[in-house]
Amino acid sequence: MDTEVDRELLEKIADLVGKPVGAFNIRKDCGCDGRQSTEHIEITGKTDGKSGIDIRVKPGTVGETCHIPVIITKPGIEEMVYNDFYIGENSNVDIVAGCGIHNCGDQASRHDGVHTFYVGKNSHVHYTEKHYGEGDGKGGRIMNPQTIVYLEEGASIQMDTMQIRGIDCTKRYTKIVCGKDAEAVITERLLTHGEQTAESDMEIVLDGENSRGRVISRSVAQDASQQLFRPLVVGNAHCFGHVQCDSIIMGTAKIRSVPEIAANHVDAQLIHEAAIGKIAGDQLLKLQTLGLTEEEAEDCILKGFLA
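In short, a report on the structure. (Residues numbered from 1 in each chain as written. Predicted model: local features only at pLDDT ≥ 70, side-chain atom pairs only at ≥ 80, totals over all residues. Heavy atoms only, no water.)

## Quick notes on the pairing of strand β7 (residues 78–87)
Stage number 1. Direction of pairing for strand β4 (residues 52–57) relative to β7: parallel, over a ladder of 6 bridges. Bridging from a neighbouring strand, V57 pairs with I87 of β7. (Pairing = 2+ DSSP bridges. Helix = DSSP H or I, 4+ residues; strand = E, 2+ residues; numbered from the N terminus.)

Structure representation (structure tokens):
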């Protein structure tokens, strides 16, 4: 957290201003730039030869937040990081991740991360992940996140993921396996522009009795960017699942949305919806009559859509 670039990236991806309160691990340019455990949350480096950390939350931990942002400030960096989360029973915690790349060089910078959650019985996790890229170099800004979650009986996770701006290429993979009475909610917000590409594969497997899963995807594709979404909900028991994908397309962009539901049990109730369209002219006109320019009106609508 030594430079202005570091501070701006951390604020954008993790809402951090100054030193975090509570448990944290800040990764910068393939190394640890700061780490702190607490009485209830322990963060340790990997000991199996892989790059990454283990985060262990003691049973009964409530109301604590753990920040684990990653920032890349140099061109030519390529890394693969493995972070494992062990959430004890009857806990309720916030995990704030995210990755920011500042690239002013000609070589690509790339961060690939695998986050695996083991969420104990009756525990709840709120997981937030933001991705952002900046810099005037020709080198690409590439991120390929994977998130895999195992929910025990009565456990739940709320995942809020957002790609803010500036990521040239991303391939996202998310899989959540739900046990009895478990619940998974994924809210994804994604913006592409220029000639950027984005792919997102999501799978919620409803294995347990009375398990529930929901995917809410909202995206905006501008200029000549391309997006591909493949959300899947699988019902293997008495369960409920819902997939909703809404996208705004602009310029010469291309969007493919391929929602899928698969029922393997007679009491699996599954629903999917998908919509792609442009900004409605009457919305723009209404805002312009209030004094906004067309560009300002578009920006206002997009911010509201992705909020």
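## Some remarks on the packing of helix α2 (residues 281–289) against helix α3 (residues 294–306)
Stage number 1. At a closest axis distance of 9 Å, the pairing of α2 and α3 adopts a crossing angle of 120 degrees. For the pair α2 and α3, the crossing hand works out as right-handed. Residues Q283, L284, L287 and Q288 of α2 form the contact with α3, whose own contacting residues are E294, A297, E298, C300 and I301.
Stage number 2. Taken together, the residues of the contact of α2 with α3 sort by class into 5 nonpolar, 2 polar and 2 charged. (Axes fitted to C-alpha atoms, helices over the stretch in contact; angles between N-to-C directions. Left-handed = near helix turned anticlockwise from the far one by under 90°. Contact = heavy atoms within 4.5 Å. Nonpolar A, V, L, I, M, F, W, Y, C, P; charged D, E, K, R; others polar.)

## Quick notes on the side chain of K46
Stage number 1. Here K46 is to be found in the loop between β3 (41–45) and β4.
Stage number 2. Since its relative accessible area comes to 17%, K46 is described here as buried.
Stage number 3. In terms of polar contacts, K46 uses its side chain to reach the side chain of D84, at 2.6 Å.
Stage number 4. Those residues within four positions of K46 in sequence are excluded, and the remaining contacts are S51, G52, I53, D54, Y82 and D84. (Buried < 20%, exposed > 50% of the residue type's maximum accessible area, 1.4 Å probe, protein only. Polar contact = N/O pair within 3.5 Å; in protein donor to acceptor, adjacent residues only side chain to side chain.)

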